[in-house]
Amino acid sequence: MIPSEAPRPTQDLNSIATTLPAALDQAVKRELAGWQADNRIARLWSHDASLWTGGDEGRWLGWLDIPDRMQQTLGSLAGFRTDAQRYQHVLLLGMGGSSLGPEVLALTFGRQAGWPKFHVVDSTDPTQIREIEASLDLARTLIIVSSKSGSTLEPNALKAYFHARLTELLGAAEAAKRLIAVTDPGSGLQRVAKNEGFQRLFLGDPEIGGRYSVLSPFGLVPAAAMGLDLQRLIASAQTMAAACKDGTAENPGLKLGAILAAALADGRDKLTIYSGPGLDAFGGWAEQLIAESTGKNGHGIVPIDAKQVSAPAIYAADRLFVHLELKGRPDPRRAAIKALADAGHPVVRIEVADTYAVAQEFFRWEIATAVVGAIMGIHPFDQPDVESAKIAARKLTDAYEESGSLPDEAPILEDGGIKLYADSANAAHLAALAEARTLEAYLKAHLGRLGPGDYAALLAFLPMNRATETILEGSRLVIRDATRAAVCLGFGPRFLHSTGQVYKGGPNTGVFLQVTCEESQELPVPGKRYGFGVVKAAQARGDFAVLAERGRRALRVHLGPDPVAGLERLASAIGRALA
């Protein structure tokens, strides 16, 4: 193993250290030398699309200078920041890049003294929406509707719901004054905000994709509402941006990108991210950035926002580990992660100087991702397979609007109140493999399809809360320990705007277990025939259909109306199937 540590150009720059196997270390050095020799960093900063596919990549690089541009326009947020302090709660409605970045900031900084408590809704699950609403004093809540396109299904439905609830409480005129819009110029949301008299409207840069937008108004408007020091946050990002203009191997973003790309070429395509205390949500943000940017054309990095660290022997040779730790907040997993490096696994360690230095990591990882895309020869700024799932879901919700029901579907198996669904190809394969027509036997057959280099993914269209997360995390570890396969865990529809791209557009190495449930109580979407439960069901069905179209190994498990009880039964069946 070859340890190395990059020098820190300034006292405030986050440090990066690596322990890599010798062959991988040499591959990284060769890649860095090639970038320096060809002056590729200068080409990246000059928006040279030939660095990637020669397509329209150059028009998606507005994020490169956004720290400087935002530093010059922070005054436009000053009045909003002051106004936000009058509220008890701030509720953000958004998906993907519009919600994951603000969530990192909210969880990294916590509630600031004298400022509102910040909440995010990025779900169509009726139970989850009700739980968040119950935690609010709506009459004292400011709502941020955040959507670059202005046409995204989830924030539009959520806006309709919460706007209606505010109107019931406060009347139409006052309700509109509680709404803030963050969107791109010319979007439908911009028109709605103007026509309905929203309190404020903030416009983003159409040359910045959603997953690269955290340092733009899509991240800074929520940050202002939290009471963060915006100048300090942006200054931190500027520190990293300046370092990432360096054309040498000392460029911190280039170095991380070269490591990710060299690991991918070496078959280490399972990027396992451990985010230490105070940085807990960073892995979820990085998952979207990496998965949507690299997971296409049958290739890509599969990111895993990991929690538990196990013995080195549990992990196969398809892993690259990255550990982020906040200075002064030691991670209890540090020794276990060091053991991975000592055992020969490649490990990257990043120390984040302070909470505001998380902005450095946003920029570092964006540069690294652009570098990986260039090395892969792909377009890292589009997400074609995310759109395919959206289209499939929209067809189903449109059908519901017309008929009042979703199309009928027949389970391939029913066992004790749990139903299994699959497309014809997967159904036939599982029927041939299963030793009996039982839930346990079908799970054994399905998970038995995992082979070397494969990964499993638990895709849960369920309320995301401590109870469901705990049970699913337990099942994740059972599958991992029994198969040595990497196991992803995502809640729908949240993951559809994130890792869903690599699942459908990346390598066909995933074995997918989708989990859905009956709705105990529907929640209406104002102005629509369907409710949120129907939207969620349509999204699950649409995503499964696209997985099947792409020839993925997929099985859907449908639980009853009590998701916790159903998950407990499913977890027990998984344990027996893999025993």
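Residues numbered from 1 in each chain as written. Predicted model: local features only at pLDDT ≥ 70, side-chain atom pairs only at ≥ 80, totals over all residues. Heavy atoms only, no water.

1. Side note on the overall build of the chain
Helices and strands together make up the secondary structure of the chain, namely 22 helices and 17 strands. For the chain, the C-alpha radius of gyration of 23 Å lies close to 25 Å, the compact-globule estimate for 579 residues. Judged by the C-alpha coordinates and their principal axes, the chain covers about 60 × 60 × 45 Å. Counting over 579 residues, the chain shows a buried share of 60%. Looking at the chain as shown, the accessible area adds up to about 20,400 Å², and 51% of this sits on carbon and sulfur atoms. (Helix = DSSP H or I, 4+ residues; strand = E, 2+ residues; numbered from the N terminus. Rg over C-alpha atoms; globule rule 2.2 N^0.38 Å. Buried < 20%, exposed > 50% of the residue type's maximum accessible area, 1.4 Å probe, protein only. Areas by Shrake-Rupley, 256 points an atom, 1.4 Å probe, with all protein chains shown as cover.)

2. Examining the confidence of the model for the chain
Per-residue confidence for the chain gives a mean pLDDT of 96; residues scoring 70 or more make up 98%. Scored below 50 in pLDDT, residues 1-11 shows 28 contacts in the model against residues more than four places distant or in partner chains. (pLDDT = per-residue confidence, 0-100. Contact = heavy atoms within 4.5 Å.)

3. Details of the layout of surface pockets
Taken as a whole, the largest pocket encloses approximately 1,500 Å³ of empty space. Lining the largest pocket are 41 residues, with Glu103, Leu107, Met464, Glu469 and Arg494 sitting closest to its centre. Of all the elements in the fold, those that place two or more residues in the lining of the largest pocket are helix H5 (97-109), strand S4 (117-121), helix H6 (126-134), helix H13 (282-294), helix H19 (466-483) and strand S15 (486-491). No other element matches H19, which puts five residues into the lining of the largest pocket. Its residues assigned to classes, the lining of the largest pocket shows 15 nonpolar, twelve polar and 14 charged. (1 Å grid on protein atoms, 1.4 Å probe; cavity = no way out; pocket = protein on both sides within 12 Å on 5 of 7 lines; lining within 4 Å. Points joined across faces, edges and corners; volume = space filled by probe spheres on them. Nonpolar A, V, L, I, M, F, W, Y, C, P; charged D, E, K, R; others polar.)

4. Topic: the sheet that holds strand S6 (residues 179-183)
Taken in spatial order, the five strands of this open sheet run S4-S3-S5-S6-S7, and their pairing is parallel. The open sheet has two edge strands with one neighbour each: S4 and strand S7 (200-203). Neighbour-to-neighbour, the strand axes of this sheet turn through a mean angle of 20°, independent of strand direction. Summarising the sheet, strand S3 (residues 89-93) and S4 pair through five bridges and their orientation is parallel. Following the sheet pairing, Leu92 is matched in S4 by Val120. Against the sheet, helix H9 (residues 188-196) engages strand S5 (141-146), S6 and S7, with an angle of about 155° to S6. Against the sheet, helix H10 (residues 217-226) engages S3, S4, S5, S6 and S7, with an angle of about 150° to S6. (Pairing = 2+ DSSP bridges. Axes fitted to C-alpha atoms, helices over the stretch in contact; angles between N-to-C directions.)

5. Some details on the pairing of strand S17 (residues 553-559)
Of all seven residues that make up S17, seven are buried, and the element is covered over most of its length. Burial along S17 is two-sided: the face carrying Arg553, Leu555, Val557 and Leu559 and the face carrying Ala554, Arg556 and His558 are both buried. When strand S13 (residues 418-421) meets S17, the two strands line up antiparallel, connected through three bridges. When the bridges of S17 are listed, Lys419 appears paired with His558. Pairing of strand S16 (residues 510-517) with S17 involves seven bridges; the strand directions are parallel. Its bridge partner lying in S17, Val515 is registered against Val557. As for the winding sense of the linkage, the β-α-β connection from S16 through helix H21 (residues 532-549) to S17 is right-handed. (Right-handed = clockwise from strand over helix to strand, strands pointing away.)

6. A word on empty space enclosed by the protein
Over the atoms a probe the size of a water molecule is rolled, and this reveals where empty space is left. Tallying each qualifying case throughout the model produces four cavities of 30 Å³ or more. Within this model, the largest cavity holds a volume of roughly 100 Å³. Along the wall of the largest cavity there are 14 residues; nearest its centre are Ile304, Ala306, Arg319, Arg476 and Arg480. If you list the elements that add at least two residues to the lining of the largest cavity, you get strand S8 (270-275), H19 and S15. Of the residues forming the lining of the largest cavity, the biggest block, four residues, is contributed by H19.

7. A few points about the side chain of Thr294
Residue position: Thr294 is located in helix H13. In terms of polar contacts, Thr294 uses its side chain to reach the backbone carbonyl oxygen of Ile290, at 2.8 Å. (Polar contact = N/O pair within 3.5 Å; in protein donor to acceptor, adjacent residues only side chain to side chain.)

8. Quick look at H13
With 13 residues, H13 extends 18 Å from end C-alpha to end C-alpha; this agrees with the ideal 18 Å at 1.5 Å per step. Burial of H13 is extensive: 13 of the 13 residues sit out of reach of the surface. (Expected span 1.5 Å × (residues − 1).)

9. Some details on the sheet that holds S15
The strand order across the open sheet built from six strands is S12-S13-S17-S16-S14-S15, with neighbouring strands paired in mixed fashion. Both outer strands of the open sheet, strand S12 (413-415) and S15, are each paired with one neighbouring strand and no more. Within this sheet the neighbouring strands show an average axis-to-axis angle of 20°, counted without direction.

10. As for the pairing of strand S2 (residues 15-20)
By the criterion of burial, S2 is predominantly enclosed, with six of the six residues buried. Two elements, S2 and strand S11 (residues 347-352), share five bridges in a ladder whose sense is antiparallel. Bridge pairing in S11 places Thr19 opposite Val347.

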